[in-house]
Amino acid sequence: MSKTLVWVEHDNASIKDATLSAVSAASQLGEVHLLVAGSDCAAVADAAAGIAGVGKVHLADDAAYANALVENVAPLIVSLMDSHDAFVAPATSNGKNIAPRVAALLDVAQVSEILSVEGPKTFTRPTYAGNAIAVVESSDAKLVVTVRGTAFAKAEATGGSASIEAITSTGDAGLSSFVSAEIAKSERPELTAAKIIVSGGRALRDGDTFEAMIFPLADKLGAAVGASRAAVDAGYVPNDYQVGQTGKIVAPEVYVAIGISGAIQHLAGMKDSKTIVAINKDEDAPIFQIADIGLIADLFNAVPELTGKL
Amino acid sequence: MKIIVPVKRVIDYNVKPRVKADGTGVDLANVKMSMNPFDEIAVEEAIRLKEKGVANEIVVVSVGPAKAQETLRTALAMGADRAILVQTDDEVEPLAVAKILKAIDDEEQSGLVILGKQAIDDDSNQTGQMLAALLGRPQGTFASEVTIDGNSVMVKREVDGGLETVKLTLPAIITTDLRLNEPRYASLPNIMKAKSKPLANKTPADYGVETAPRLKTLQVSEPPVRSAGIKVADVDALVAKLKELGVA
Ligand SMILES: Cc1cc2nc3c(=O)[nH]c(=O)nc-3n(C[C@H](O)[C@H](O)[C@H](O)COP(=O)(O)OP(=O)(O)OC[C@H]3O[C@@H](n4cnc5c(N)ncnc54)[C@H](O)[C@@H]3O)c2cc1C
């Protein structure tokens with residue numbers, strides 16, 4: 001049976017959810033092994049061993065892996081690929097950073113952001129901002145794949161009892177160092193895991209107005225907050241709020257788009273949401289072509305009224 | 001320092017792509033084509049580094065059809081110094097593009113290669129990372145700020161949780177994100193001047209790179225269409241609908 005190595009995304013304390021979707025995809029390819037590379041990350045390895053369906057956890061604990069520096073992590077992954085047939089990573093910013101470097105070191109073409117596994121080497125993947133879905137078959141001896149989190153159910157985080165094997169570090173490549181991170185802490189749910197998302201666009205005018213309009217509604221609904229590129233570019237909210245082709249891909253139960261026109265690049269990131277609600281004052285806005293529930297209104301009246309009535 | 005900037009000719013971002021009836025790909029006949037937006041950002045960043053006196057030459061490279069010359073001329077008009085067209089009518093996968101770029105870099109010996117983080121046609125997001133692997137160099141992907149600091153470069157990166165800064169030794173590879181800069185428009189005099197800037201014609205074979213695809217595209221189809229739903233008359237009706245959905 002073929003063996004697949006999945007890179008576990010974590011912060012040295014807990015596993016990121018996107019990993020669980022990658023495990024589901026990998027389990028369709030064969031036996032699933034996990035790689036936990038980090039620093040003082042034994043707790044992560046323990047949690048990884050508990051994921052249902054996992055055969056083995058490889059643990060590389062070294063300061064060189066503390067911040068997932070790709071120059072250090074990629075050689076480690078390559079060192080394990082003699083005994084694996086496929087490498088799978090979640091299509092997160094870290095996964096997208098790591099997987100192609102591994103693929104090139106293995107001289108393999110990567111299949112990016114798969115939506116489904118159609119055969120041992122056949123996958124579907126989105127192209128052209130999700131406007132063209134391609135079925136692709138790899139002819140390489142080994143596979144390198146990234147997995148779109150919204151396309152696969154999450155593997156059960158508990159119930160497994162894999163063995164943990166410590167592996168030798170490949171050390172610090174001496175090419176890069178981690179300087180700092182500005183990671184926003186929020187009480188709200190994480191965008192890619194939220195059941196409800198309220199997103200704001202350029203119409204929100206500025207950061208204060210965005211906050212005054214969007215945040216109270218999101219909090220009433222227990223929702224995460226997202227944004228269009230225009231809202232991020234204009235500095236209303238930080239970059240990690242961006243939903244779209246080149247931002248985050250989301251598929252919540254309910255997505256509420258407020259003052260967002262519905263450019264194809266934005267739709268690419270949210271059109272798999274179960275129910276789409278749009279509030280826009282322009283009845284011809286493209287967002288209404290895909291919205292399940294549309295309200296043609298000035299958001300500056302409608303949103304405070306909505307928040308008040310919920 | 002020399003900077004290499006690869007640029008790709010792609011469908012214009014304002015065009016809605018249509019899948020061909022025979023399911024072999026996207027219909028690009030008579031469709032407006034432009035420079036990949038992330039590559040424009042890469043060209044702009046290189047020009048700014050030259051304006052700051054950090055770089056002294058900018059070489060733009062495109063792997064693609066004869067028409068990719070237009071894309072290269074656009075980059076030259078923005079301010080790049082010379083261009084290399086690696087001409088082929090085949091679709092070249094990111095791995096083969098990275099191999100061609102490596103061969104070019106072996107000749108040119110760049111201090112930085114700045115690429116777009118992804119092309120908006122195949123959405124692969126691979127070439128920069130692959131090139132970094134082949135050259136054994138560090139990579140600063142999804143850059144929103146680039147600062148040269150002696151023999152290293154500080155790259156502020158857009159990551160899922162916010163921003164992260166890494167320090168990379170030079171030479172290095174950088175891929176651009178949307179907030180790195182706002183690309184300039186080429187002025188008319190610069191467009192004229194660009195016509196006489198050097199543009200070398202090459203082929204993948206000149207670099208000894210085999211471009212046969214490793215991934216076979218079996219079929220391309222449109223995603224399931226979402227149809228428009230209902231319009232509600234007012235906020236009260238919207239509240240009622242949200243209650244039906246169980247979210248309010
Ligand atoms: C390479 C590239 C990548 C991109 N990636 C992304 C991406 O990942 N995500 C993304 O979102 N975009 C992306 N874009 C940008 C995209 O093309 C659009 O420019 C962007 O989505 C527009 O944002 P918007 O809808 O907020 O703004 P606009 O298009 O300006 O729309 C504003 C909307 O607000 C409405 N409005 C104005 N005032 C009011 C009011 N008072 N009440 C109610 N409605 C009002 C208007 O009718 C309009 O529909 C990308 C573009 C490029 C070139």
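Just so you know, these numbers come straight off a predicted model, no measurement behind them. (Residues numbered from 1 in each chain as written. Chains lettered and ligands numbered in written order. Predicted model: local features only at pLDDT ≥ 70, side-chain atom pairs only at ≥ 80, totals over all residues. Heavy atoms only, no water.)

**Observations regarding the overall build of chain B**
On a plain count of helices and strands, chain B comes out with 6 helices and 13 strands. Seen through its C-alpha atoms, chain B measures out along the principal axes to roughly 65 × 45 × 40 Å. For chain B, the proportion of its 248 residues judged to be buried stands at 52%. A separation threshold of at least 6 residues defines the contact pool for chain B, and within that pool the share at least 24 residues apart is 69%. Taken as a whole, chain B presents about 10700 Å² of accessible surface, with 49% of it coming from carbon and sulfur. The distance from the centre of the 32 positive side-chain charges to the centre of the 35 negative ones in chain B is 2 Å. (Helix = DSSP H or I, 4+ residues; strand = E, 2+ residues; numbered from the N terminus. Buried < 20%, exposed > 50% of the residue type's maximum accessible area, 1.4 Å probe, protein only. Contact = heavy atoms within 4.5 Å. Areas by Shrake-Rupley, 256 points an atom, 1.4 Å probe, with all protein chains shown as cover. Lys, Arg positive; Asp, Glu negative; His and termini not counted. Charge placed at Lys NZ, Arg CZ, Asp CG, Glu CD.)

**Comments concerning the overall build of chain A**
Within chain A, the regular secondary structure consists of 8 helices and 16 strands. Its C-alpha atoms give chain A a radius of gyration of 21 Å, near enough to 19 Å, the size a compact globule of 310 residues would have. Taking the principal axes of the C-alpha coordinates as reference, chain A spans close to 60 × 40 × 40 Å. The buried share among the 310 residues of chain A stands at 60%. In chain A, 64% of the contacts between residues at least 6 apart in sequence involve partners at least 24 apart. (Rg over C-alpha atoms; globule rule 2.2 N^0.38 Å.)

**Notes on the interface of chain A and chain B**
Each partner contributes residues to the interface: chain A has 82 residues there, and chain B has 78 residues. Across the chain A/chain B interface, buried area totals approximately 6700 Å², and carbon plus sulfur atoms make up 55% of it. Among the ionic pairs, K99 of chain B bridges to D107 of chain A, the shortest N-O distance being 2.7 Å. Our count for the chain A to chain B interface comes out at 48 residue pairs in polar contact (both at pLDDT 80 or more). Here the side of chain A that touches chain B is composed, by residue class, of 40 nonpolar, 24 polar and 18 charged. Here strand 11 (residues 176-183) of chain A pairs with strand 9 (residues 162-169) of chain B via 7 bridges, running antiparallel. (Buried area = accessible area lost by both parts, 1.4 Å probe. Salt bridge = Lys/Arg side-chain N within 4 Å of Asp/Glu carboxyl O. Polar contact = N/O pair within 3.5 Å; in protein donor to acceptor, adjacent residues only side chain to side chain. Nonpolar A, V, L, I, M, F, W, Y, C, P; charged D, E, K, R; others polar. Pairing = 2+ DSSP bridges.)

**Comments concerning empty space enclosed by the protein**
What the rule picks out here adds up to 2 cavities of 30 Å³ or more. Of the pockets and cavities examined, the largest cavity occupies roughly 160 Å³. Split into classes, the residues belonging to the lining of the largest cavity amount to 4 nonpolar, 8 polar and 5 charged. When residues are assigned to domains, the lining of the largest cavity turns out to be shared by domain 1 (3-166) and domain 2 (191-309) of chain A, each giving three or more. Quantified by volume, the second largest cavity comes out at close to 60 Å³. N67, A68, L69, V70, E71, N97 and S176 of chain A together with Q139, R157, E164, V166 and L168 of chain B together form the lining of the second largest cavity. Secondary-structure elements contributing two or more residues to the lining of the second largest cavity are helix 3 (70-80) of chain A together with strand 9 of chain B. (1 Å grid on protein atoms, 1.4 Å probe; cavity = no way out; pocket = protein on both sides within 12 Å on 5 of 7 lines; lining within 4 Å. Points joined across faces, edges and corners; volume = space filled by probe spheres on them. Domains from an automatic or database assignment.)

**Some points on the UniProt feature "domain: Electron transfer flavoprotein alpha/beta-subunit N-terminal" (unreviewed entry) in chain B**
Feature annotation in UniProt places "domain: Electron transfer flavoprotein alpha/beta-subunit N-terminal" (unreviewed entry) on residues 23-211 of chain B, given in this structure's numbering. Helix makes up 30% of residues 23-211 of chain B and strand 31%, whereas the separation of the span's terminal C-alpha atoms amounts to 23 Å. (UniProt positions renumbered as here; feature names shortened; annotations may be inferred.)

**Description of the sheet that holds strand 1 (residues 3-7) of chain A**
All names here are of chain A. The parallel open sheet is built from 7 strands, whose spatial order is 5-9-4-1-2-3-10. The open sheet has two edge strands with one neighbour each: strand 5 (110-114) and strand 10 (163-166). Neighbouring strand axes in the sheet, compared pairwise and without regard to direction, differ in orientation by 25° on average. As judged from the 7 bridges shared by strand 2 (residues 31-38) and strand 3 (residues 54-61), these two strands associate in the parallel manner. Pairing of H33 across the sheet is with K56, part of strand 3. On top of the sheet, helix 4 (residues 93-106) reaches strand 1, strand 4 (86-90), strand 5 and strand 9 (143-147); it is set at about 160° to strand 4, its chief contact. (Axes fitted to C-alpha atoms, helices over the stretch in contact; angles between N-to-C directions.)

**A word on the sheet that holds strand 1 (residues 2-6) of chain B**
Read from one edge to the other, the open sheet built from 10 strands follows the order 11(A)-9(B)-8(B)-7(B)-10(B)-6(B)-1(B)-4(B)-5(B)-11(B), with strand pairing classed as mixed. For this open sheet the edge positions go to strand 11 of chain A together with strand 11 (199-202) of chain B, each flanked by a neighbour on one side alone. Sheet twist, expressed as the mean angle between neighbouring strand axes with direction ignored, is 25°. With 8 bridges connecting them, strand 8 (residues 152-159) of chain B and strand 9 of chain B associate as antiparallel partners. Along strand 9 of chain B, the bridge assignment pairs M154 of chain B with K167 of chain B. On the sheet, helix 4 of chain A packs against strand 7 (139-149) and strand 8 of chain B and is oriented at approximately 90° with respect to strand 7 of chain B. Docked against the sheet, helix 4 (residues 127-135) of chain B engages strand 6 (112-116), strand 7 and strand 10 (172-176) of chain B, running at close to 175° with respect to strand 10 of chain B.

**Looking at the site of the ligand**
What surrounds the ligand is a group of 29 residues, the closest being R202, S228, Q242, S261 and H266 of chain A. In this structure, the ligand sits where chains A and B come together, each supplying nearby residues. The separation between an oxygen atom of the ligand and a polar main-chain atom of G247 of chain A is 3.4 Å. For the ligand, whose free accessible area comes to 990 Å², the fraction covered by protein is 86%. (Near = heavy atom within 4 Å.)

**Notes on the domain arrangement of chain A**
Residue and element names in this part refer to chain A. Along its sequence, chain A is carved into domain 1 (3-166) and domain 2 (191-309). A separation of 31 Å is found between the C-alpha centroids of domain 1 and domain 2. Opposite the 8 residues of domain 1 that make contact, domain 2 presents 8 residues. Surface buried jointly by domain 1 and domain 2 totals about 620 Å² across both partners, of which 51% is contributed by carbon and sulfur atoms. On the domain 1 side of the interface with domain 2, the three residues burying the most area are A129, R148 and T150, jointly 68% of the side's total. Counting across the interface, domain 1 meets domain 2 through 0 salt bridges.

**Considering the environment of V155 of chain B**
Residues and elements named next belong to chain B. Among the secondary structure elements, V155 is positioned in strand 8. Since its relative accessible area comes to 0%, V155 is described here as buried. Considered as a pair, V155 and S144 are 11 residues apart in the sequence and their alpha carbons are 7.5 Å apart. Setting aside residues no more than four positions away along its own chain, V155 makes contact with G140, A143, E145, E164, T165, V166, L168 and I174.

**Quick look at the pairing of strand 7 of chain B**
All names here are of chain B. Note that strand 7 and strand 10 share 3 bridges and pair parallel. Paired with A143 across the bridge in strand 10 is T176. Relative to strand 8, strand 7 runs antiparallel, the two sharing 6 bridges. Across the sheet, residue I148 finds its bridge partner in strand 8, namely V153. What sits between the antiparallel neighbours strand 7 and strand 8 is a turn of 2 residues, in which G150 has the positive phi angle 65°.

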